[in-house]
Every structure is written in C-alpha cells, then in structure tokens.
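Chain and residue survey
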Amino acid sequence: MTRGPHFSDSQAALFDLDEAERPVPGATKLPSYIRDHRARLRERFLIGGSDALPDYEMLELVLFRAIPRRDVKPLARQLLETFGDFNGVLSAPPHRLREVNGVGDAVLTELKIVEAAAHRLARSRVLGKQVLSSWDALLDYCQTSMAHRDTEQFRILFLDRKNVLIADEPQARGTVDHVPVYPREVVKRALELNASAIILVHNHPSGDPTPSQADIDMTAQIQMAADALGITLHDHLVIGKSQELSFRSEGLL
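Residue positions are given per chain, counted from 1 along the sequence in the order it is written. Thresholds applied to this predicted model are a pLDDT of at least 70 for local features of residues and 80 or more for the giving and counting of side-chain atom pairs; totals over whole chains, interfaces and linings are not thresholded and use all residues. The side-chain figures draw on all heavy atoms in the structure; neither hydrogens nor water molecules are used.

**Some words on the overall build of the chain**
How we decide: For helices the rule is a DSSP run of H or I covering at least 4 residues; for strands it is a run of E covering at least 2, with both sets numbered from the N terminus onward. Any two residues whose heavy atoms approach within 4.5 Å are treated as being in contact.
When its secondary structure is counted, the chain shows 10 helices and 5 strands. A fraction of 59% describes how many contacts in the chain between residues 6 or more apart in sequence connect residues 24 or more apart.

**Observations regarding the pattern of salt bridges**
As a reminder, the rule being used: The salt bridge criterion pairs a side-chain nitrogen of Lys or Arg with a carboxyl oxygen of Asp or Glu, the two atoms within 4 Å. Buried residues are those whose accessible area, probed at 1.4 Å on protein chains only, stays under 20% of the maximum for their type, while exposed residues exceed 50% and partly exposed ones sit between those limits.
For the coordinates displayed, the defined rule picks out 6 salt bridges. A salt bridge links Arg44 to Glu57; the nearest nitrogen and oxygen atoms lie 2.8 Å apart. Of the two residues, Arg44 is situated in helix H2 (residues 32-48) and Glu57 in helix H3 (residues 55-66); the sequence distance between them amounts to 13 residues. Of the residues examined, Arg44 reaches a relative accessible area of 35% and is grouped as partly exposed. Between Glu169 and Arg189 there is a salt bridge, and its shortest N-O distance comes to 2.6 Å. Taken together, the positions of Glu169 in strand S2 (residues 165-173) and Arg189 in helix H9 (residues 183-192) put the pair 20 residues apart, joining distant regions of the chain. For Glu169, a relative accessible area of 18% puts it in the buried group. Judged by its relative accessible area of 25%, Arg189 falls in the partly exposed class. Through salt bridges with shared partners, a single ionic network connects Glu169, Arg189 and Glu192.

**Focus on the layout of surface pockets**
Convention followed: Grid points spaced at 1 Å and placed over the protein atoms alone form the basis of the search, with a cavity being a set where a 1.4 Å probe fits but cannot get out and a pocket an open set showing protein on both sides within 12 Å along at least five of seven lines. Lining residues have an atom within 4 Å of a point. Grid points are joined across faces, edges and corners, and a volume is the space filled by probe spheres set on the points. For this scheme, ten residues count as nonpolar: Ala, Val, Leu, Ile, Met, Phe, Trp, Tyr, Cys and Pro. Four count as charged, namely Asp, Glu, Lys and Arg, and the remainder, Gly too, count as polar.
In this structure, the largest pocket spans a volume of roughly 440 Å³. Lining the largest pocket are 17 residues, and of these Asn87, Ala118, Asp140, Gln143 and Thr144 sit closest to its centre. Breaking the lining of the largest pocket down by element, the ones donating at least two residues are helix H5 (86-91), helix H7 (105-124) and helix H8 (135-146). A per-element tally of the lining of the largest pocket places H7 first, with 6 residues. When grouped by side-chain class, the residues that make up the lining of the largest pocket number 7 nonpolar, 6 polar and 4 charged.

**Here's the deal with the side chain of Thr219**
For the record, the criterion: Under this definition, polar contacts are N or O atom pairs within 3.5 Å; protein pairs additionally need one hydrogen-donor-capable and one acceptor-capable atom, and for neighbouring residues in sequence, both atoms have to be side-chain atoms.
With respect to the helices and strands, Thr219 occurs in helix H10 (residues 213-228). A distance of 2.7 Å separates a polar atom in the side chain of Thr219 from the backbone oxygen of Asp215. Excluding residues that lie within four positions of it along the chain, Thr219 makes contacts with Leu200, Leu233, His236, Phe247 and Leu253.

**A short note on the packing of H9 against H10**
What counts is decided by this rule: With axes taken as lines fitted to C-alpha atoms, and helix axes fitted only over the stretch in contact, angles between N-to-C directions fall between 0 and 180 degrees. Small angles under 35 degrees read as roughly parallel and large ones over 145 as roughly antiparallel, with 65 to 115 read as roughly perpendicular and the rest as oblique. Crossings are classed by handedness, with left-handed meaning an anticlockwise turn of the near helix from the far one by less than a right angle and right-handed meaning a clockwise turn.
Between H9 and H10, the least distance of the axes is 9 Å, while the angle of their chain directions is 40°. Looking at the two axes, H9 sits oblique to H10. At the point where H9 passes H10, the crossing takes the right-handed sense. Contacts from Pro183, Val186 and Val187 in H9 reach Gln221, Ile222, Ala225 and Ala226 in H10.

**Side note on the nonpolar core**
Note the cut-off: Only buried Ala, Val, Leu, Ile, Met, Phe, Trp, Tyr and Cys residues count toward a nonpolar core, and they belong to the same one when joined by side-chain atoms within 4.5 Å.
Membership of the largest hydrophobic core comes to 26 residues, with the highest contact counts inside it found for Leu59, Leu79 and Leu97. For this core, the elements supplying multiple residues, two or more each, are H3, helix H4 (73-83), H5 and H7. Broken down by element, the residue count for this core peaks at 7 residues, all from H3. Residue contacts for Leu59: discarding those within four places in its chain leaves Ala76, Leu79, Leu80, Phe86, Val89 and Leu111.

**Notes on the packing of H7 against H8**
Direction vectors running N to C along H7 and H8 enclose 160°, while the axes themselves pass 9 Å from each other. It follows from the interaxial angle that H7 and H8 lie roughly antiparallel. Crossing hand, H7 versus H8: left-handed. The segment H7 lies against H8, with Ala118, His119, Ala122 and Arg123 engaging Tyr141, Thr144 and Ser145.

**So, H10**
Threshold: To estimate the expected span of a helix, count its residues, drop one, and scale the result by 1.5 Å. Think of it as the arc spanned by the lines of direction from the helix axis to the C-beta atoms.
Compared with the 22 Å implied by 1.5 Å per residue over 16 residues, the 23 Å span of H10 between its first and last C-alpha is a close match. Listed as buried for H10 are Asp215, Met218, Thr219, Ile222 and Ala226. Each buried residue of H10 sits inside an arc of 100° when the element is viewed along its axis, so together they form one side. Relative to its buried face, H10 has exposed residues pointing more than 90 degrees away, namely Gln213, Met224, Asp227 and Ala228. Summarising the contacts, the buried residues of H10 are in contact with strand S1 (153-159), H9, strand S3 (197-203) and strand S4 (232-239).

Below, the structure written as structure tokens:
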C-alpha cells in the first residue's frame, strides 16, 4: 500500500538549529562576535522582555532571521533614522522600506509579519469585548493600526446594544490630508450589521490629531443621519502619531 505524504524525523531536524547557525554551502562561517552578540540579545530578551532592549536592538532581533549571516546593527540604525522609531519602521509602507539600502524581500517580509502579528493581537483584545469598559485597549488598537500610516484612513467600529464591538471596518482611504466619507454609507453599513452604536476613527498622517473644520462638519452630518435611524454615535477619535483626540472629550459631540 502506497503511503501518503508525511513529516519524517529528518524533516523535523531541519528546524533544530538556529538559522544563523545552519551550515550554508559555500558560505563563510558566521563570525564569533556576531554569533555571540545575537546570543546575548536573545538571552536579554527572554529574561527581561522588550523593556530590556532599546528600539535598535529589538529591530536587530527581527532582522536576524532575514539576514542570518551579517551584522544587522547598521541596517537597524539606518531604518530607525529613516522612520523614527520601532513602530514607525514596522508600519512604514513597503515602497518606502525598499528605498533603504539593504532592505530586500526577506527583510520586508519579516517586518510585515511582525506588524501583522501586532495588529492581530491588538484587535483580539477589543473585538467581542465591551468597548466602553476596555477603552484603553481600544485606543491602543487604534494607535497600533493607524498612527503611522502615511495616508488618511477612515474606520468605523460597530457596537451592539450592549456596546460590544461586533465589527471594525475601514470605510475609505484618502490622501495625506483628506479622506472621502459619505454619511449615508456609514449608517447603511450600521443597519446591515444590526449595530446599535458606532465609533468613528480616522488618522492624521501629519501627527497632529487636531480636527479640521471638514472633520467637524462630516461628524455632524454622520451624527444627524445616525440619530434619524436610532443609531448612537459614541465618539469620533482622531489618531495622531503619539496621541489621539476624542470629539466627545473635547465637547464636539
């Protein structure tokens, strides 16, 4: 009887060694100072977590797997100089990352995997949760997913009658300082999801969360449309680089 595909012990053994330690045909052996540096960084991370490492060393850890046989510290520092901080590097658009000398497919993939993992983790902490009692987690999620975008994005958080988050959907993407939003489409989608309340969220790529007059006018139009259909507009959050602004807290709602 013919056996189907299976994983053998020899296949599993491929993953026993750290990638940096695997022999590569025709390649020179990884210098001991690089090997020892990587081992020390990993140990410090495992013992102390991310708080034990500055941004450039956290970035080195990510780059180790993409560039297994070369010192990645110069690239880590160059990325930080270009994009500001660890979060800025992870969330930078692919085309801008590729402009940095040393960033190819392998580096880009590793960075975007970590970014996607951060988004999923942050989202899991708010989706299906009672939003008004987990407000800090919601703000963290919005910051993680939107603060470092280089164009404006408009999202809607849809809540049920118990204020549990049932959906989070991007509605529109725009330019560096404008995103088109149509109040009719906002309330239409809320009705489709049987949502009882909504929270509006959009980012300001400039980093300043101060709402524009267009932001204020658009919010008033959505509130009018939502009120007519019995849908509560809890808030409109504007996400900047390091802080956010709440329309509710500012008395704009």
